[in-house]
Amino acid sequence: MTCATSAEVRTAPTGGTAVPPRRHPAPRLDIQGLRAVAVGLVVLSHAGVAGAAGGYVGVDVFFVISGFLITSLLLRELAATGRVSLRAFYARRALRLLPASALVIVTTLAGAWLFLSPARFAEYAGDALGSALYTVNFRLAAAGTDYLAQTAPPSPFQHFWSLAVEEQFYLVWPLLLLLGTRLVRGRRRLLAAGLGALCLASFALGVRMTDLSAPWAYFSSLTRAWELGAGALLALCAARLRKLPGAVASPLSWLGLACIALAAVVYDDGTPFPGPYALLPVLGAVLVLAGGCAPARHGAGRLLGRRPLVRLGGLSYGWYLWHWPLLVVAPAALGRTDGTAGVPLALGLCAAALGPAWLTLRLVEDPVRFHRALAGRPGRGLALGAGLSAGTAALALTATAVPPAIETGPPAPPLARELAAAPDAGARLAGLLTASPGVLPGNLSPALPEVKTSRSAVYRDGCHVDHGTTRATPCVYGDRTAARTVVLFGDSHAAQWFPALDRLATARGWRLVSLTKASCKAAEVTIVRQGRPYTACDTWRADAVAKIGALGPDLVVVSSSEAGDPARPEADPARQWTTGHTDTFRRLGASGARVVALLDTPWPQGDPVDCAGANSGQLHACAARLPDAVRDPVRHAAVRAAADAAGVPVVDPAPWLCAARTGVCPVVVADTPVYRDDSHLSEAYAQALTPVLGRALDRL
């Protein structure tokens, strides 16, 4: 989200610089209009408008505009004074950004405290802290690579990632510009060549990381720097571009606008972005800006310079800041049970965000950055910025100490102890399922905010491999020297059983080998991930099956989620999945091991932890019910059919999660949360089921 405007380049206080106002060029209204287009695309995309699913490219347009305008400002200062006042530069950035962003952060934090899931408030407060310090992009990248956090609802502070990327870039760019200018003695061609090399390196890194780790590619300043650099390169060439004939400049600007529109319409959530796909919107923004450098009567500036777009462009920073918190917080405040807004409501909320955006501009942004007491006094600007950042950060830290209260009732029996001590753990569990509490027990273990952060050793040790990995690396637990070997094989819905199998291995002297991969089905069926065939899964699966054959284990426990669409769907999906599972079961059985098919667990409705936090006095409202809790009945039946064909026994965990008589699948049993998210068991519940799973395996 760019934070410099063409008007700012002309009128903003310049602190210690001696740039004469008369040397400033007239403001380019086409840039304000382009900002309006960019923020409009972002808003439409966030609102869920189908025809603008790729509107997130508006952020890329903002990056180019920002690089162009800020570099133009620095170059003019260099030309006029032979130097750049870093204090004045950072003071201008602080005065432009921090008053509005601090206000939005504090207001959003209050909204999260009042209306969003209390189970996630500590996470949101951490995001507020990262936003105040312009490091939230790193938090989001790390969360995006955490497989168990990928289905989490969006943070109300998520949009601050683009501001963080910009400020990280501008932390070093003026220094690089100064150093480069001195090294090449003002020769812009050499300076442009050096910047071009840095941009190519950043772009190459972005392409590579999009394949290896999409979240880091998307949120990292290193993979996005080339987009700001593209605008900076354009600023270095602006003098030459002003000489373009109108017959060239006009088509360039319209072509650029068409590139941006094409990306917004054609791209969607399945586009592997940024990668090479970011070239289209970045090129489009560069062409619009380049074409607008030269006077052209019939260029895109005729459209972009229209008063409504110019005015909207002036509000773009505030609109960007306010629209996202409204989209995230307002549905919960309005009592939407799923916490999401449909397209009509989302568009209404985005339109409503123009109100606080206008008020913020008139009452906060302009009065602060153009105040006489701050103009030309970079020390004061820096002090104000530091105070705002420190105050906002301190508030976010304080908020974690006073999270919203969660209503609780009387204590419940400790589930793990009850099952471990029962002569028949299955019968005792059935009774506890039927008597599941309607109010969150006061002795819930773990506490609701801790459910999602609990990680078993298979995750802490990196043994549940990520999407890009193609080689299977067995991780060994239990008794490493034991004669009996048990293998856990599948995706995260197999890994969710690791806590129970690990305890069984320790108690019974097994060597437990874990071979699981994110979203990788046990069946030999290629599925789609991020709009492309998930071939890394196929390669990993073949390697894992070969390694299992070499191990010659006594038992292989196979499980995987029923979610995921085939890359090449067949006319008969039941046959496709049955054949895929049968092939896997037979190849595993060829190792001489006994193979067990552990069916997928029933799925809750939505996120049960968030639901329990919002409905702690009415937990039954969060419960799913059989048969609706079966994610995919066709695939569920296909696993059974494949197991029959391959002579593999089946273990169905549904009776361990749902009451036999009513089919109700509670979110809390005794003192233990059942699920960690919208599909996985909590670590505590899986551990508590150790005696039940052990007895099921004993029967085999």
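Everything below is about the structure shown above.
Residues numbered from 1 in each chain as written. Predicted model: local features only at pLDDT ≥ 70, side-chain atom pairs only at ≥ 80, totals over all residues. Heavy atoms only, no water.

(A) Highlighting the environment of proline 633. With respect to the secondary-structure elements, proline 633 resides in helix H28 (residues 633-646). Taking relative accessible area as the criterion, proline 633 reaches 54% and is therefore assigned exposed. (Helix = DSSP H or I, 4+ residues; strand = E, 2+ residues; numbered from the N terminus. Buried < 20%, exposed > 50% of the residue type's maximum accessible area, 1.4 Å probe, protein only.)

(B) Up close: the pattern of salt bridges. Enumeration according to the criterion identifies 24 salt bridges in this entry. For glutamate 524, the salt bridge goes to arginine 587, with nearest N and O atoms at 2.7 Å. Here the residue glutamate 524 occupies a position in the loop between strand E4 (511-517) and strand E5 (528-529), and arginine 587 occupies one in helix H26 (residues 573-589), the gap between them amounting to 63 residues. Residue class for glutamate 524 comes out partly exposed when judged on its relative accessible area of 28%. (Salt bridge = Lys/Arg side-chain N within 4 Å of Asp/Glu carboxyl O.)

(C) How the structure looks around the nonpolar core. Of all hydrophobic cores here, the largest spans 104 residues; its most connected members are Leu34, Phe68, Leu109, Phe160, Trp161, Trp173 and Leu289. Ranked by residue count, the leading element in this core is helix H3 (residues 58-81), at 12 residues. Judged by nonpolar contacts, the second largest core, of 48 residues, contains Leu433, Cys475, Phe498 and Val669. (Core = buried A, V, L, I, M, F, W, Y, C linked by side-chain atoms within 4.5 Å.)

(D) The packing of helix H16 (residues 316-333) against helix H18 (residues 354-369), seen in detail. Remark: H16 packs on H18, axes separated minimally by 8 Å, with the N-to-C direction vectors making an angle of 125 degrees. When the axis of H16 is compared with that of H18, the two are oblique. By crossing handedness, the relation of H16 to H18 is classed as right-handed. Between H16 and H18, the residues in contact are Tyr317, Gly318, Trp319 and Trp322 and Leu354, Pro356, Ala357, Thr360 and Glu365, respectively. Taken together, the residues of the contact of H16 with H18 break down into 6 nonpolar, 2 polar and 1 charged. (Axes fitted to C-alpha atoms, helices over the stretch in contact; angles between N-to-C directions. Parallel < 35°, antiparallel > 145°, perpendicular 65-115°, else oblique. Left-handed = near helix turned anticlockwise from the far one by under 90°. Contact = heavy atoms within 4.5 Å. Nonpolar A, V, L, I, M, F, W, Y, C, P; charged D, E, K, R; others polar.)

(E) Highlighting the side chain of histidine 464. Of note, histidine 464 is situated in strand E1 (residues 464-465). Looking at histidine 464, its side chain comes within polar contact range of the side chain of threonine 516, at 2.8 Å. (Polar contact = N/O pair within 3.5 Å; in protein donor to acceptor, adjacent residues only side chain to side chain.)

(F) Inspection of helix H2 (residues 29-46) at higher detail. The first and last C-alpha atoms of H2 sit 26 Å apart over 18 residues, in line with the 26 Å expected at 1.5 Å per residue. Burial runs high along H2: 14 of the 18 residues are buried. Glycine 48 lies just past H2 and shows a positive phi near 85 degrees. (Expected span 1.5 Å × (residues − 1).)

(G) Spotlight on the packing of aromatic side chains. Applying the stated rule across the entire model yields 18 aromatic pairs. Here the aromatic rings of phenylalanine 138 and tryptophan 216 are separated by 6.3 Å at their centres, their planes lie at 35 degrees, and the arrangement is tilted. Linking phenylalanine 138 in helix H6 (residues 136-145) with tryptophan 216 in helix H9 (residues 214-219), this pair joins segments that are 78 residues apart in sequence. You can call phenylalanine 138 partly exposed: its relative accessible area is 35%. Judged by relative accessible area, which is 31%, tryptophan 216 ranks as partly exposed. A ring pair is formed by tyrosine 218 and phenylalanine 219, whose centres lie 5.2 Å apart and whose planes are at 80 degrees; its orientation type is edge-to-face. Feature note: the residues Tyr56, Phe63, Trp161, Tyr218, Phe219, Tyr267, Phe273 and Tyr277 constitute an aromatic cluster, connected by ring pairs. Positioned above the aromatic ring of tyrosine 218, the side-chain terminus of arginine 224 is 4.5 Å from the ring centre. In this structure, arginine 635 packs its charged tip against the face of tryptophan 577, placed 3.8 Å from the ring centre. (Phe/Tyr/Trp six-rings, centres within 6.5 Å; stacked < 30°, edge-to-face > 60°. Lys NZ or Arg CZ within 6 Å of the ring centre and 35° of its normal.)

The quantities given are spatial measurements derived from coordinates; they are silent on function.
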